[in-house]
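Chains, contacts and geometry: an overview
Now for the letters of each chain:
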Amino acid sequence: MKLFASMALLCAVCAGATAAVAQDAPNFPAGSTMERLSKAPTLRVGVKFDQPLFGLRDLSGKPVGFDVEIAKLIAGKLGVPPERITWVETSSANREPFLEQGKVDYIVATYAMNDKRKKVINFAGPYIVGGQDLMVKKGNPLKITGPADLAGRKACVINGSEGQAVLVRDYKDATVVPFDVISKCVEALKNGSVDAVATTNFILAGLVSRDPSNLELVGKPFTREPWGIGMPKSEPDLCRFAEKSLTEADKDGTYAKLYDAKLKPYLGGEGKLPELDPCP
């Protein structure tokens, strides 16, 4: 009898725990993108693995950084814990193809929101706003103060990035050298193959923080670059959900805590969510 009583008590406890989990789980409209993602075995999120401060593998191989935390924030609002996330390495050049081909559910990967990309995908955001800047060798021996000083010089960019587009369009006298990952640009700058690296000031600040004895940030952004969460054009409900999640995180202080922990020591600022662009 004692055994049966113990088993009954255990079942009651389990049932109560199950009910509590079910009660806490998000309740999404039937047929919505959020319902599908919340119930999927894994959530596939595109991030970069070579961007200090934003998306970088740690010693255990796990991605870390501000973009990764924003991605986990959205996943958490979907009811998806970190262990159910599959992190997909994403480069600047393959972000739109990955979304169009269904290889990822959304992307948080230093993704600048521009009109060309908005024709292909949706963006939720911006969750942070930066601008294109330049990185040079420590001491700036060539006295490069901005993109106009790149005339007749070589500037390394990430293939498919906003930096590449801006230099090709507006600074035609510069020789643009594209690579698929930023680490190759850093090596090219160090060995003298290029004279500068052009990309978002946030990314460059992260690179300089890792090697301040060899690298220097010019510190004069020449564009305004809002970063957003990329998602398929066919899922506007997910865009609205992501923006609601960001707004809630800003109001309850979660966003500020993430910013303070990951970025403030290197970039300063108050960690306030920028004004969001409306979703389609």
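Above this note sits the structure.
What follows deals with the overall build of the protein chain. When helices and strands are tallied, the protein chain shows eleven helices and 13 strands. Its C-alpha atoms put the protein chain at 90 × 40 × 30 Å along the principal axes. Looking at the protein chain residue by residue over its 280 residues, the buried ones come to 48%. In the protein chain, of all internal contacts separated by at least 6 residues, the share reaching a separation of at least 24 is 71%. Side-chain charges of the protein chain comprise 36 positive and 33 negative groups, with the mean position of each set lying 2 Å from the other.

Moving on to the nonpolar core. By size, the foremost hydrophobic cluster in this structure holds 57 residues, and its most contacted members are F66, L78, Y106, Y127, I128, M135 and I229. With seven residues, the single largest contributor to this core is helix α3 (residues 66-77). Residues within four places of I229 in sequence aside, it is in contact with I70, I74, Y106, I107, V108, N122, F123, A124, Y127 and L246. Counting residues in hydrophobic clusters, the runner-up holds eleven residues, among them L134, A155, V157 and V218.

If you check helix α9 (residues 236-251), its first and last C-alpha atoms are 23 Å apart, about what 16 residues at 1.5 Å a residue would give, namely 22 Å. The complete set of buried residues in α9 reads D237, L238, C239, F241, A242, E243, S245, L246, A249 and D250. Against α2 (33-39), α3, β7 (121-130), β13 (225-232) and α10 (254-262) lie the buried residues of α9. Directly after α9, the chain includes G253, whose backbone phi takes a positive value near 90°.

The buried count for helix α8 (residues 201-210) comes to eight of ten residues, which makes it a mostly enclosed element. For α8, the set of buried residues is N201, F202, I203, L204, A205, G206, L207 and V208.

This part takes up the pattern of salt bridges. Note that side chains of opposite charge can pair when their charged atoms are close. The tally for this structure, following the rule as stated, stands at eleven salt bridges. With its nearest N and O atoms 2.8 Å apart, the salt bridge here joins R36 to E235. Residue R36 is found in helix α2, and its partner E235 is found in the loop between β13 and α9; the two are separated by 199 residues along the sequence. With relative accessibility at 42%, the residue R36 sits in the partly exposed group. Notably, a salt bridge pairs K184 with D180, separated by 3.0 Å at the nearest N-O pair. Relative accessible area serves as the criterion here: at 39%, K184 is assigned to the partly exposed category. One salt-bridge network, in which partners are shared between bridges, spans K77, K244 and E248.

Given two aromatic rings, their pairing is described by the distance between the two centres and the angle made by the two planes. The full count for this structure, using the stated rule, is ten aromatic pairs. A centroid spacing of 5.9 Å and a plane angle of 35° characterise the contact between F54 and F202, whose relative ring orientation is tilted. Of this pair, F54 sits in the loop between β2 (50-51) and β3 (55-57) while F202 sits in helix α8, placing them 148 residues apart in sequence. Exposure class is identical for F54 and F202. Each is buried. When the centroid spacing of 5.9 Å and the interplanar angle of 80° are considered together, the rings of F66 and Y255 count as edge-to-face. On the criterion of sequence distance, the pair formed by F66 in helix α3 and Y255 in helix α10 is long-range, its members being 189 residues apart. What makes Y255 buried here is its relative accessible area of 2%.

With that settled, the discussion passes to the packing of α3 against α10. In the contact formed by α3 and α10, the axes pass within 10 Å of each other and the chain directions differ by 160°. As far as their axial angle goes, α10 and α3 are roughly antiparallel. Where α3 crosses over α10, the two elements pack in a sense that is right-handed. Judged by residue contacts, F66, E69, I70 and L73 of α3 engage T254, Y255, L258, Y259 and K262 from α10. Across the contact of α3 with α10, the residue classes break down as six nonpolar, one polar and two charged.

Working note: a packed helix pair is described by the angle between its axes plus the distance between those axes. Packing of α3 against α9 leaves a shortest axis separation of 10 Å and a crossing angle of 105°. The angle between α3 and α9 places the two elements in the roughly perpendicular class. Counted together, I70, L73, I74 and K77 of α3 and F241, A242, S245, L246, E248 and A249 of α9 form the full contact between these two elements. When grouped by side-chain class, the residues that make up the contact of α3 with α9 number seven nonpolar, one polar and two charged.

This paragraph deals with the state of the cysteines. In total, this model carries two disulfides according to the counting rule given. Put simply, C156 and C185 are joined by a disulfide, and their sulfur atoms are 2.1 Å apart. Linking C156 and C185, the disulfide has an S-S dihedral of approximately -75° and is accordingly described as left-handed. Here C156 is found in strand β9 (residues 154-158), whereas its partner C185 is found in helix α7 (residues 182-190), with 29 residues between them in sequence. In this pair, the class of C156 matches that of C185, namely buried. Disulfide pairing is shown between C239 and C279; the S-S distance is 2.1 Å. Disulfide C239-C279: torsion about the S-S bond near -80°, hence left-handed. Here C239 is found in helix α9, whereas its partner C279 is found in the segment after α11 (264-267), with 40 residues between them in sequence. The buried category is assigned to C239, whose relative accessible area is 0%. Overall, the relative accessible area of 17% leaves C279 in the buried class.

What counts, and where the lines are drawn
Residues numbered from 1 in each chain as written. Predicted model: local features only at pLDDT ≥ 70, side-chain atom pairs only at ≥ 80, totals over all residues. Heavy atoms only, no water. Helix = DSSP H or I, 4+ residues; strand = E, 2+ residues; numbered from the N terminus. Buried < 20%, exposed > 50% of the residue type's maximum accessible area, 1.4 Å probe, protein only. Contact = heavy atoms within 4.5 Å. Lys, Arg positive; Asp, Glu negative; His and termini not counted. Charge placed at Lys NZ, Arg CZ, Asp CG, Glu CD. Core = buried A, V, L, I, M, F, W, Y, C linked by side-chain atoms within 4.5 Å. Expected span 1.5 Å × (residues − 1). Salt bridge = Lys/Arg side-chain N within 4 Å of Asp/Glu carboxyl O. Phe/Tyr/Trp six-rings, centres within 6.5 Å; stacked < 30°, edge-to-face > 60°. Axes fitted to C-alpha atoms, helices over the stretch in contact; angles between N-to-C directions. Parallel < 35°, antiparallel > 145°, perpendicular 65-115°, else oblique. Left-handed = near helix turned anticlockwise from the far one by under 90°. Nonpolar A, V, L, I, M, F, W, Y, C, P; charged D, E, K, R; others polar. Disulfide = S-S within 2.5 Å.

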